[in-house]
Amino acid sequence: IIGPVADRWGPRWAQSGLLCVFSIPAYLVGTAQNFAMFCTARFFIGMLGGTFVVTQYWTSIMFAKNIVGSANATSAGWGNLGGGVTNALMPQFVNLMEAFGLDYNMAWRVAMVIPAT
């Protein structure tokens, strides 16, 4: 779906749209009251994976053919690095929220705002 959107309106608008629309569930995941609500929010957060497609398209049109492979690999690597760093740091953010006096149930909810920002 996002590939044709990027073709029609360009990668800048496609990327902006993805980030604006699907950052909302990232902010709201902490308000989940049951497992179904949490899974629904995570489903929509998963749509942010479409940013990979747009980034690869964008990088492909920005760089010369002799280096586009390296540019795509670099941008993909930085994206994966960001995901890994987020996964590594989120428990620390939860601990930080608990150090500020929040109980665990509220700490993970508040910490979920950090990657959404």
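## Topic: the overall build of the protein
Helix and strand counts for the protein stand at seven helices and zero strands. Mapped from its N terminus to its C terminus, the protein presents α and β elements in the order α-α-α-α-α-α-α. With the principal axes as the frame, the protein shows a C-alpha extent of 55 × 25 × 20 Å. When each of the 117 residues of the protein is scored for burial, the buried share is 29%. Long-range pairs, those at least 24 residues apart, make up 51% of the contacts in the protein between residues at least 6 apart in sequence. About 7800 Å² of surface is accessible on the protein, with carbon and sulfur atoms providing 69% of the total.

## Quick look at the packing of helix α4 (residues 50-62) against helix α5 (residues 68-99)
Relative to each other, α4 and α5 sit at 150 degrees, their axes nearing to 9 Å. With respect to their mutual orientation, α4 and α5 come out roughly antiparallel. For the crossing formed where α4 meets α5, the hand is right-handed. Where α4 approaches α5, its residues Phe52, Thr55, Gln56, Thr59 and Ser60 are matched on the opposing element by Val68, Ala71, Asn72, Ser75 and Ala76. Within the contact of α4 with α5, the residues separate by chemical class into four nonpolar, six polar and no charged.

## What to know about the nonpolar core
By size, the foremost hydrophobic cluster in this structure holds twelve residues: Ala26, Val29, Ala41, Ile45, Met90, Val94, Met97, Ala107, Trp108, Ala111, Met112 and Ala116. Elements that contribute at least two residues to this core include exactly α3 (35-46), α5 and α6 (104-111). Once you skip the residues sitting within four places of it in the chain, Val94 turns out to touch Tyr104, Ala107, Trp108 and Ala111.

How each quantity is defined
Residues numbered from 1 in each chain as written. Predicted model: local features only at pLDDT ≥ 70, side-chain atom pairs only at ≥ 80, totals over all residues. Heavy atoms only, no water. Helix = DSSP H or I, 4+ residues; strand = E, 2+ residues; numbered from the N terminus. Buried < 20%, exposed > 50% of the residue type's maximum accessible area, 1.4 Å probe, protein only. Contact = heavy atoms within 4.5 Å. Areas by Shrake-Rupley, 256 points an atom, 1.4 Å probe, with all protein chains shown as cover. Axes fitted to C-alpha atoms, helices over the stretch in contact; angles between N-to-C directions. Parallel < 35°, antiparallel > 145°, perpendicular 65-115°, else oblique. Left-handed = near helix turned anticlockwise from the far one by under 90°. Nonpolar A, V, L, I, M, F, W, Y, C, P; charged D, E, K, R; others polar. Core = buried A, V, L, I, M, F, W, Y, C linked by side-chain atoms within 4.5 Å.

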